[in-house]
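Residue strings, one per chain:
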Amino acid sequence: MIVALIDSGLGMLPTAAWLRKLRPELDLILALDPDGAPWGPKPEQWVIDRVLATAQRSVDRGAEVIVLPCNTASVAALDHVREFVGPQVPVVGTVPAIKPAAAAFESVAVWATAATTASRYQADLIEKFGNGSSVVGVACHGLAEAIDRGEREAAIAAIASAVERTPGDVGGVVLGCTHYPLMADEIAAQLPAGVRLFDSAEAVAAQTLRRIDSLNRPSTGEGTVEVFLSGRPGRLPASAEAFPAGQLLAAGRSQPS
């Protein structure tokens with residue numbers, strides 16, 4: 001069973017690492033797009049075309065399930081990918097964990113990129129899943145970019161800036177960019193004691209496994225990890241190994257032929 005994860009950068013690592021922990025025999029395709037990153041500021045049709053082209057390459061490579069562990073890709077292209085590959089290839093998207101956070105706390109902050117924080121998409125999610133709680137968006141300027149570069153000090157500085165702009169009464173912080181769980185320990189360390197973090201990576205991995213099981217096909221594999229960089233066979237960027245999830249996946253990688 002081959003599962004392809006599609007994202008512009010390292011935001012796929014938390015979900016991929018959960019898949020590796022929960023079902024280590026799965027073969028993974030990690031399709032990054034360093035030539036086009038970041039996707040957030042790009043026009044929607046550009047993102048759709050980019051994701052569809054990557055999905056086609058992944059299916060050609062043998063992918064039986066596709067995961068979009070990226071909010072931008074999920075918002076812009078999820079429905080298009082599902083239509084493109086057809087019902088025989090499950091496609092799993094990502095939604096920030098606003099619903100469980102708002103169910104647990106009366107005051108919640110959603111940390112995300114500047115583009116997502118200002119988007120109609122996030123406003124609609126807050127309206128739909130806010131559950132009557134106070135939910136405020138906090139733009140984390142430069143955090144995803146610092147994570148992609150593996151620059152931990154720059155990431156810690158971006159976290160400190162976000163903490164300063166987060167209301168002091170929040171009980172939960174939603175990590176609304178899939179990159180941010182890679183720095184979850186550092187984020188928790190800078191937030192007031194008792195603030196709970198919410199992210200979607202484990203839930204997306206669990207949903208992926210449910211979709212795999214629903215196919216009723218043999219799900220065994222060799223636990224390989226193939227990496228593609230804007231369509232070219234390659235390796236995870238060195239910056240990925242700055243994070244435990246990247247180290248886990250790098251340990252299982254194979255060089256694509």
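All residue numbers refer to positions counted from 1 along the written sequence of the respective chain. Per-residue local features of the predicted model are confined to residues with pLDDT of at least 70, and side-chain atom pairs are confined, for both listing and counting, to 80 or more; whole-chain, interface and lining totals are unaffected and use all residues. Only hydrogens and water are set aside; all other atoms, that is, all heavy atoms of the structure, feed into the side-chain values.

Caption draft 1: How the structure looks around the sheet that holds strand β7 (residues 172-175). Spatial strand order, β6-β5-β7-β8: four strands in an open sheet with parallel pairing. In the strand order of this sheet, the two ends are held by β6 (134-139) and β8 (196-198), each with one partner. Each strand of the sheet is rotated relative to its neighbour by a mean of 25°, with strand direction disregarded. Pairing analysis gives four bridges linking strand β5 (residues 107-112) to β7, with the strands arranged parallel. Note on β7: the bridge partner recorded for V110 is V174. Strand pairing follows a simple DSSP-based rule, namely that at least 2 bridges must link the two strands. Numbering of helices and strands runs from the N terminus, with a helix taken as a DSSP run of H or I at least four residues long and a strand as a DSSP run of E at least two residues long. Axis lines are fitted through C-alpha atoms, for helices just across the contact stretch, and the angle between N-to-C directions can take any value from 0 to 180 degrees.

Caption draft 2: The arrangement of the pairing of strand β9 (residues 225-229) in detail. When you tally the buried positions in β9, you get five out of five residues, the bulk of the element. When strand β2 (residues 27-32) meets β9, the two strands line up parallel, connected through five bridges. Considered in β9, the bridge of A31 is made with F228. The pairing of β9 with strand β10 (residues 232-234) spans three bridges and is classified as antiparallel. Within β10, the residue paired with F228 across the bridge is P233. The hairpin turn running from β9 into β10, its antiparallel successor, is two residues long, and S230 in that turn takes a positive phi close to 50°. The classification of residues rests on relative accessible area computed with a 1.4 Å probe and restricted to protein chains. Under 20% of the type maximum is buried, over 50% is exposed, and intermediate values are partly exposed.

Caption draft 3: Broad picture of helix α11 (residues 244-251). Of the positions making up α11, those classed as buried are A245, G246, L249 and A250. Seen along its axis, α11 keeps its buried residues to an arc of 130°; they face one direction. Within α11, the exposed residues directed more than 90 degrees away from the buried face are P244 and A251. In what follows, residue pairs with any heavy atoms lying within 4.5 Å of each other are defined as contacts. Buried residues in α11 make contact with α1 (13-22), β2 and β9. Regarding the arc, it is the one traced by the directions from the helix axis to the C-beta atoms.

Caption draft 4: Expanded view of the side chain of T208. Looking at the element boundaries, T208 is found in helix α10 (residues 201-214). For T208, a relative accessible area of 0% translates into the label buried. Among residues more than four places away in sequence, those in contact with T208 are V3, L19, V65, V67 and V92.

Caption draft 5: How the structure looks around the environment of D148. In this structure, D148 sits in helix α7 (residues 143-149). When the C-alpha atoms of D148 and D199 are compared, they prove to be 18 Å apart, with 51 residues separating the residues in sequence.

The quantities given are spatial measurements derived from coordinates; they are silent on function.
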